[in-house]
Amino acid sequence: MKNEAGHGAGTAPAISMIGTRAMLFEAPGDFTMAQQRRIWALMDALQGRPDVQELIPGVTNLMLIFSAPPESPQAVAEWLRHAWDTLPERHIEGRLFDIGVRYGGALGGDLAAVCAHAGLPPEEVIAIHHGGEYTVCAIGSAPGFGYLHGLDPRIATPRKTVPSLNMPAGTVIIGGMQAGISALTGPNGWNSIGYAELRLFDPYRQPPALFAVGDRIRFYPESIEL
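Residues numbered from 1 in each chain as written. Predicted model: local features only at pLDDT ≥ 70, side-chain atom pairs only at ≥ 80, totals over all residues. Heavy atoms only, no water.

With that settled, consider helix 3 (residues 111–118). Among the residues making up helix 3, those that are buried are Leu-111, Val-114 and Cys-115. The buried side chains of helix 3 occupy one side of the element, clustering within an arc of 100 degrees when seen end-on. When the buried face of helix 3 is taken as reference, the exposed residues oriented beyond 90 degrees from it are Ala-112 and Ala-116. Looking at the packing, one finds that the buried side of helix 3 touches strand 5 (96–104), helix 4 (122–131), strand 9 (171–175) and strand 12 (191–195). Where helix 3 terminates, the next one or two residues include Gly-119, which has phi positive at roughly 70 degrees. (Buried < 20%, exposed > 50% of the residue type's maximum accessible area, 1.4 Å probe, protein only. Helix = DSSP H or I, 4+ residues; strand = E, 2+ residues; numbered from the N terminus. Arc of directions from axis to C-beta. Contact = heavy atoms within 4.5 Å.)

This is the structure we're talking about:
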């Protein structure tokens, strides 16, 4: 795994047009908080550009939606590269959520697969999972779904080649080096290790999404069924 990239380290970011009114900025290197904080800084700097209508942060990437097709995409790309090289990281002090998890059982059916991949007993995998603190880096994929940084690499597990067809909302999941909680019931290729009783998205709530970028999450075991 690469080291956390500092300014001027690693390869250059990838910048590409998506259609005529959108541009995707992709940070180089691994999924680290250093890179994610620089994405947040870039997002802040772009707020003042009159040609940008909407900004959609992702996991070490940022989508720009323009109010009109840019006359010179190359000039925008050069502005982004300069900002990326010079801006300091932005630290967001989000809220802290303590979330109880029912580990294992029918709703944590992939716990055995995670244990097999990690070469660790389930008790240790569970202890490692709830022993860390996670940061919400981006909201997306499904309404209210938060991509979490902070998963211990010892229990990182690739996504499944055959997804579960009806994974319930609230399932606590691992996908590669990312952790999360499923926001909607439906097909899902991440690995289920438990269940949390909470609603990540409610259209009648203000704001509708429970989590926001920069929020921190700590898990604790409500129960363990092996």
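Next comes the rest of the write-up.
Below, the discussion takes up helix 4. Regarding helix 4, the residues found buried are Val-125, Ile-126, Ile-128 and His-129. Taken around the axis of helix 4, the buried residues stretch over an arc of 165 degrees, which confines them to a single face. Facing away from the buried surface of helix 4 by more than 90 degrees, the exposed residues are Glu-123 and Gly-131. Residues of helix 4 that are buried in the fold lie against strand 5, helix 3, strand 6 (133–139), strand 9, strand 12 and strand 13 (216–225).

Residue Pro-207 follows Gln-206 across a cis peptide bond; omega there is -5 degrees. Its location among the elements puts Pro-207 in the loop between strand 12 and strand 13. At Thr-60, a residue that is not glycine, the phi angle is positive and equals roughly 50 degrees. Inspection of the secondary structure assignment puts Thr-60 in the loop between strand 3 (52–58) and strand 4 (61–66). Residues other than glycine seldom take positive phi values, yet Ser-141 does so here, at roughly 75 degrees. Looking at the secondary structure, you find Ser-141 in the loop between strand 6 and strand 7 (146–149). Judged by relative accessible area, Ser-141 falls into the exposed class, the value being 71%.

Another point: the UniProt feature "domain: Carboxyltransferase" (unreviewed entry) in the protein chain. Here, the residues flagged by UniProt with the feature "domain: Carboxyltransferase" (unreviewed entry) are residues 13–211. As annotated, residues 13–211 has a helix share of 23% and a strand share of 32%, and its two end C-alpha atoms lie 28 Å apart. (UniProt positions renumbered as here; feature names shortened; annotations may be inferred.)

Right, let's get into the nonpolar core. One finds Leu-64, Phe-211, Ile-217 and Phe-219 to be the most contacted residues of the largest nonpolar core, which totals 57 residues. Among the elements that make up this core, the one with the highest residue count is helix 1 (residues 33–46) (6 residues). Split by domain, this core shows at least three residues from each of two domains, domain 1 (14–86) and domain 2 (96–224). (Core = buried A, V, L, I, M, F, W, Y, C linked by side-chain atoms within 4.5 Å. Domains from an automatic or database assignment.)

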